[in-house]
Amino acid sequence: MRKFALRFMNSRELSSQFDPYAPKYTRFKIRRKLNSWWNSQTEGQKIACAIIGINLCVFLLWRIPYFYPIMRKYFCASPALESSCLPMFLSTFSHNSFLHLAANMYVLYSFCTSGVSFFGKEQFLAFYCSAGVISSFTSYLYKVGTGRFVTTLGASGALMAILSSMCFQFPDAQLQIVFLPFLTFSAGHAMKAVMALDLVGMFAKWKLFDHAAHLGGAIFGIVYAKYGCDYIWGKREYIFSLYHNIRERKE
């Protein structure tokens with residue numbers, strides 16, 4: 001009887017090693033793995049994960065028909081819409097297809113570490129959000145000038161600002177395309193080629209991408225990398241106090 005009991009206990013212990021529902025495979029081990037993964041991320045990657053989470057939530061809201069009128073009103077950018085100011089910012093976190101979302105978030109995750117290392121966490125977030133608004137405003141100007149009041153959305157303009165700022169600071173850095181790892185090129189040449197392509201797309205009125213938003217974001221990234229850290233971020237307290245003084249005088 002004792003031998004049978006020992007044999008039963010040994011077989012039970014052996015089966016628990018392969019049982020996915022055994023206690024050691026429960027939420028506690030999953031949580032430890034998640035904590036270990038999160039702690040291994042850089043500050044830039046953590047910020048990227050937070051932004052990716054926001055974009056993913058907005059993407060899922062697009063899949064719910066009940067929210068479609070709200071998403072159409074506030075998460076698509078166009079000067080012809082009734083609400084045209086707030087979407088300049090919110091459309092930066094909005095994507096209409098999973099491929100569009102995945103491509104943009106991959107680029108964000110790849111360059112976020114360098115961006116946060118260069119700007120710092122607070123300045124990087126302010127720079128990213130501002131770039132989204134500036135790129136949307138550039139798109140507005142182009143749409144009004146050409147009379148094409150189509151709605152656009154996506155983080156491409158803000159990402160172009162990050163890419164251009166990094167390429168401007170480190171023009172000799174070697175980049176490569178993820179599907180073509182054998183092909184390398186300098187960051188400076190890559191940025192010039194992308195900006196030239198967007199400029200041609202604006203004049204040719206290509207409809208696949210919002211080239212005006214891309215170009216506006218790229219120019220903003222270069223200008224901010226050269227002057228923004230000292231003349232804007234470095235003097236932000238003076239700028240905020242001046243802004244509040246102007247508001248108090250108007251009131």
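For clarity, every value in this text was computed on a predicted model and none was experimentally measured.

### Quick look at the overall build of the protein
Point 1. Check the secondary structure of the protein and you find 11 helices and two strands.
Point 2. From first element to last, N terminus to C terminus, the protein shows the α and β order α-α-α-α-α-α-α-α-β-β-α-α-α.
Point 3. Every one of the 251 residues in the protein was classed for burial, and the buried ones make up 33%.
Point 4. Considering only contacts in the protein between residues 6 or more positions apart, those separated by 24 or more positions represent 67%.
Point 5. For the protein, the accessible area works out to roughly 16,300 Å², and carbon and sulfur atoms hold 66% of it.

### Examining the nonpolar core
Point 1. In terms of nonpolar packing, the biggest core is built from 30 residues, with W62, L108, C112, F124, F127, Y128 and I162 touching the most fellow members.
Point 2. Where this core is concerned, the elements lending two or more residues are α3 (43–62), α6 (98–119), α7 (121–146), α8 (156–169) and α10 (211–233).
Point 3. Apart from the residues within four sequence positions on either side, Y128 is in contact with I51, T92, F93, L108, A155, A158, L159 and I162.
Point 4. Among the nonpolar cores identified, the runner-up in size contains 11 residues, and M160, C167, A187 and A212 belong to it.

### Here we look at the packing of α7 against α8
Point 1. The contact between α7 and α8 brings their axes to 7 Å, and the two run at 125°. What the angle tells us is that α7 and α8 run oblique. Considering how the two elements wind past one another, α7 and α8 form a crossing that is right-handed. Residues F124, F127, Y128, A131, G132 and S135 of α7 pack against G157, A158, L159, A161, I162 and S165 of α8.
Point 2. The residue inventory of the contact of α7 with α8, partitioned by class, reads eight nonpolar, four polar and no charged.

### Looking at the packing of aromatic side chains
Point 1. Tallied over the full model, the rule gives 15 aromatic pairs.
Point 2. Aromatic pair W37 and W38: ring centres 6.1 Å apart, planes at 50°, arrangement tilted.
Point 3. For W38, a relative accessible area of 35% gives the class partly exposed.
Point 4. For the ring pair F119 and Y224, a centre distance of 5.9 Å and an interplane angle of 50° mean the geometry is tilted. Residue F119 is located in helix α6, and its partner Y224 is located in helix α10; the two are separated by 105 residues in the primary sequence.

### So, a nonpolar patch on the surface
Point 1. A grouping of I219, V223, Y227, Y231, I232, Y238, I239, F240, L242 and I246 is seen on the molecular surface, where their side chains present a nonpolar patch of about 990 Å² in accessible area.
Point 2. For the nonpolar patch, the elements supplying multiple residues, two or more each, are α10 and α11 (236–250).
Point 3. In this fold, Y238 is placed in helix α11.

### As for the pattern of salt bridges
Point 1. The tally for this structure, following the rule as stated, stands at one salt bridge.
Point 2. When the shortest N-O distance is used, the salt bridge between K121 and E43 registers 3.8 Å. With K121 in helix α7 and E43 in helix α3, the pair connects residues that are 78 residues apart, well separated along the chain.
Point 3. The exposure class assigned to E43 is partly exposed, which follows from its relative accessible area of 41%.

### Description of α7
Since there are 3.6 residues in each turn of an α-helix, residues three or four apart along the chain are aligned in direction.
Point 1. Across its 26 residues, α7 extends 38 Å between first and last C-alpha, which sits within 8% of the 38 Å expected from 1.5 Å per residue.
Point 2. Residues Q123, F124, F127, Y128, A131, G132, S135, S136, S139, Y140, Y142 and K143 constitute the buried set of α7.
Point 3. Contacts from the buried residues of α7 go to α3, α5 (86–90), α6, α8, α9 (187–204) and α10.
Point 4. Positive phi appears at G147, one or two residues downstream of α7, with a value of about 75°.

Cut-offs and rules
Residues numbered from 1 in each chain as written. Predicted model: local features only at pLDDT ≥ 70, side-chain atom pairs only at ≥ 80, totals over all residues. Heavy atoms only, no water. Helix = DSSP H or I, 4+ residues; strand = E, 2+ residues; numbered from the N terminus. Buried < 20%, exposed > 50% of the residue type's maximum accessible area, 1.4 Å probe, protein only. Contact = heavy atoms within 4.5 Å. Areas by Shrake-Rupley, 256 points an atom, 1.4 Å probe, with all protein chains shown as cover. Core = buried A, V, L, I, M, F, W, Y, C linked by side-chain atoms within 4.5 Å. Axes fitted to C-alpha atoms, helices over the stretch in contact; angles between N-to-C directions. Parallel < 35°, antiparallel > 145°, perpendicular 65-115°, else oblique. Left-handed = near helix turned anticlockwise from the far one by under 90°. Nonpolar A, V, L, I, M, F, W, Y, C, P; charged D, E, K, R; others polar. Phe/Tyr/Trp six-rings, centres within 6.5 Å; stacked < 30°, edge-to-face > 60°. Patch = residues over 30% accessible without salt bridge, like charges linked within 9 Å, V, L, I, M, F, W, Y side chains within 5 Å. Salt bridge = Lys/Arg side-chain N within 4 Å of Asp/Glu carboxyl O. Expected span 1.5 Å × (residues − 1).

Don't take any of this as a statement about function, it's just geometry.
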